[in-house]
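Inside the fold
The lines below spell out each chain.
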There are 2 protein chains.
Amino acid sequence: MPRWTPHADERLIKAAIALFDQQGYEATTVADIASSAGLTKRTFFRYFSDKREVLFSGAQELELLWVGALTEAPDDAGPVAAVMAGLDAVAEMFTERHAFARIRARIIAANPELQERELIKLERLASAGASALEQRGANPSAAALAAQTGVRIFHLSFARWITQDDPAAFRRLIHEAMDELRELLAS
Amino acid sequence: MPRWTPHADERLIKAAIALFDQQGYEATTVADIASSAGLTKRTFFRYFSDKREVLFSGAQELELLWVGALTEAPDDAGPVAAVMAGLDAVAEMFTERHAFARIRARIIAANPELQERELIKLERLASAGASALEQRGANPSAAALAAQTGVRIFHLSFARWITQDDPAAFRRLIHEAMDELRELLAS
């Protein structure tokens, strides 16, 4: 029976991120990651199907948080207000992960295959968000527009946030971007 | 020296679309496509690197048209007005391709790998659009927001357009979606 290793997944993620950053994503093997975390390859594969998935292991948590916040927004919140509640929850989750997010973004920016995987993640967020808004009673068209807009605001604000030194700035950047879009469309 | 074959690329696209639709994308080979078009595999590979690229051969034309229309929008048009000019040009190009677009969309919807390729195409349109808006003097933030919004409006309106019987409806659907987003954000 495999021995239980406390926080093995977190250790593997931390080791992988450090290695990807230092020696490049392509040059890093699963064996390198496991060894650097003081674990076996076998333990690695209990948590991740491949090295790419280490970088996307937070995607499910992000989607659950986003969909949960959309669902639990006040009953009288329209699609855009619900999306803003979802983005606030996401911003809060990310605040404590600023250093990690910066390094991860740098790794992804250097690798087209990872950029594609990131696009798929964003599209899933938009699609799951639209479904959650429909569940709240929004019409499909408004739900799709609001969810897509929210995901694009998230993505653009994320790109700004990681260039800034204040981890708590993400929420403000999201609101600024939404206000900017609102003004652009109104003018 | 290879013999010049008139409209070989168009014939190959037409044959490929028909075969993908009839027997499935996965089940169709390059040999099938060439044979159905009355051409050789060698001719196929003069035009396309693989069968997937047959479905994306219009991507460059679309991007050139979009970027061209953004660039040539009136000097006093803001980023969103320029984006609408770009979308109008795109809608006009698509109008005569309604039947083709419907079948292509059906093929793509059935294949996750093609959906990923489509996401990449959309992201490139957004990125090229943002650069064109910056060239016109828009600040990078407004350029990115307007271009991303335009591409999402295009994509959502496209999905509606192919369910409708009027090929000329694309432009109207785009404007309706933009108006709906404007109202959602203003409320």
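Residues numbered from 1 in each chain as written. Chains lettered and ligands numbered in written order. Predicted model: local features only at pLDDT ≥ 70, side-chain atom pairs only at ≥ 80, totals over all residues. Heavy atoms only, no water.

Moving on: the relation of the copies chain B and chain A. For the pair chain B and chain A, the relating rotation is 180°, the translation along its axis is 0.0 Å, and the fit reaches an RMSD of 0.0 Å. Look at the turn and shift together and you get a two-fold axis relating the two. Most of the interface of chain B is mirrored in chain A, where 96% of its interface residues again form contacts. (Least-squares fit on C-alpha atoms with pLDDT ≥ 70 in both. Contact = heavy atoms within 4.5 Å.)

This paragraph deals with helix α10 (residues 170–186) of chain A. The end-to-end C-alpha separation of α10(A) is 24 Å, in line with the 24 Å expected for 17 residues at 1.5 Å each. For α10(A), every residue scored as buried is listed here: F170(A), L173(A), I174(A), A177(A), M178(A), L181(A), L184(A) and L185(A). The arc that holds the buried residues of α10(A), viewed along the axis, is 135°, so those residues lie on one side. Away from its buried face by more than 90 degrees, α10(A) exposes E183(A) and A186(A). On its buried side, α10(A) packs onto α6 (79–95) and α9 (140–161) of chain A together with α6 (79–95), α9 (140–161) and α10 (170–186) of chain B. (Helix = DSSP H or I, 4+ residues; strand = E, 2+ residues; numbered from the N terminus. Expected span 1.5 Å × (residues − 1). Buried < 20%, exposed > 50% of the residue type's maximum accessible area, 1.4 Å probe, protein only. Arc of directions from axis to C-beta.)

Next up on the list: the pattern of salt bridges. Residues and elements named next belong to chain B. Overall, the coordinates contain 24 salt bridges over all chains when judged by the stated rule. For E53, the salt bridge identified is with R117, shortest N-O distance 3.3 Å. Here the residue E53 occupies a position in helix α4 (residues 51–55), and R117 occupies one in helix α8 (residues 112–135), the gap between them amounting to 64 residues. Look at R117 and you get buried, because its relative accessible area is 11%. (Salt bridge = Lys/Arg side-chain N within 4 Å of Asp/Glu carboxyl O.)

With that out of the way, let us pick up the side chain of N111(A). All names here are of chain A. Secondary-structure assignment places N111 in the loop between α7 (98–109) and α8 (112–135). Overall, N111 belongs to the buried group, its relative accessible area being 5%. Among the polar contacts made by the side chain of N111, one reaches the main-chain amide nitrogen of E113 at a distance of 3.0 Å. (Polar contact = N/O pair within 3.5 Å; in protein donor to acceptor, adjacent residues only side chain to side chain.)

Below, the discussion takes up the interface of chain B and chain A. In many analyses, interface size is given as the accessible surface area lost on bringing the parts together. Tallying the contact residues gives 26 residues for chain B and 25 residues for chain A. Where chain B abuts chain A, roughly 2,400 Å² becomes buried across the two surfaces, and 73% of that area is made up of carbon and sulfur atoms. Of all residues in chain B, the largest losses of buried area upon contact with chain A belong to L145(B), L184(B) and L185(B), amounting jointly to 28% of the total for that side. Applying the counting rule to chain B against chain A returns 0 salt bridges. At the junction of chain B and chain A, the tally comes to 8 residue pairs in polar contact (both at pLDDT 80 or more). Looking at the side of chain B that touches chain A, the element that brings in the most residues is α9(B), giving 12 residues. (Buried area = accessible area lost by both parts, 1.4 Å probe.)

Our focus in this paragraph is α9(A). Residues and elements named next belong to chain A. If you check α9, its first and last C-alpha atoms are 31 Å apart, about what 22 residues at 1.5 Å a residue would give, namely 32 Å. Among the 22 residues of α9, 18 are classified as buried, and the element is accordingly described as predominantly covered. Two to three positions downstream of the cap, the backbone nitrogen of S141 sits 3.0 Å from a side-chain oxygen, assigning the N-cap of α9 to N139.

Looking now at the packing of α9(B) against α10(B). Residues and elements named next belong to chain B. Interhelical geometry of α9 versus α10 gives an angle of 125° and a closest axis separation of 9 Å. Viewed along their axes, α9 and α10 adopt a mutual orientation that is oblique. Our pair here, α9 against α10, has a crossing hand that is right-handed. Between α9, through T149, I153, F154, S157, F158, R160 and W161, and α10, the contact on the second element is made entirely by F170, L173, I174, A177, M178, E180 and L181. Here the contact of α9 with α10 is composed, by residue class, of 10 nonpolar, 2 polar and 2 charged. (Axes fitted to C-alpha atoms, helices over the stretch in contact; angles between N-to-C directions. Parallel < 35°, antiparallel > 145°, perpendicular 65-115°, else oblique. Left-handed = near helix turned anticlockwise from the far one by under 90°. Nonpolar A, V, L, I, M, F, W, Y, C, P; charged D, E, K, R; others polar.)

Quick look at the confidence of the model for chain A now. A low pLDDT means the predicted coordinates there should not be read in detail. Residues of chain A with pLDDT of at least 70 account for 98%, and the chain-wide mean is 94. Complex prediction metrics read pTM 0.91 and ipTM 0.89. (pLDDT = per-residue confidence, 0-100.)

Contact pair α10(A) / α10(B): the axes reach a minimum separation of 10 Å and the direction vectors enclose 125°. Taken together, the axis directions place α10(A) and α10(B) in an arrangement best described as oblique. The handedness of the crossing between α10(A) and α10(B) is left-handed. Within the contact between the two elements, α10(A) uses M178(A), L181(A), R182(A) and L185(A) and α10(B) uses M178(B), L181(B), R182(B) and L185(B). Here the residues of the contact of α10(A) with α10(B) are counted per class, giving 6 nonpolar, no polar and 2 charged.

Residue and element names in this part refer to chain B. For L70, the position within the fold is in helix α5 (residues 59–71). Assessed through its relative accessible area of 0%, L70 is described here as buried. With 114 residues separating them along the chain, L70 and L184 place their C-alpha atoms 25 Å apart. Residues in contact with L70, not counting those within four places in the same chain, are A82, V83, G86, G129, A132, L133 and R136.

All names here are of chain A. In this structure the tally under the stated criterion is 26 aromatic pairs over all chains. With a centroid separation of 5.6 Å and 75° between ring planes, the pair formed by F94 and F158 is classed as edge-to-face. Here F94 is found in helix α6, whereas its partner F158 is found in helix α9, with 64 residues between them in sequence. You can call F94 buried: its relative accessible area is 11%. (Phe/Tyr/Trp six-rings, centres within 6.5 Å; stacked < 30°, edge-to-face > 60°.)

Another point: the environment of A37(A). Residues and elements named next belong to chain A. Examined against the element boundaries, A37 turns out to sit in the loop between α2 (30–36) and α3 (41–47). Residue A37 is classed as buried on the basis of its relative accessible area of 9%. Spatially, the C-alpha atoms of A37 and E10 are 9.4 Å apart, while their sequence positions differ by 27 residues. Contacts of A37, omitting those with residues within four sequence positions, involve R11, L12 and A15.

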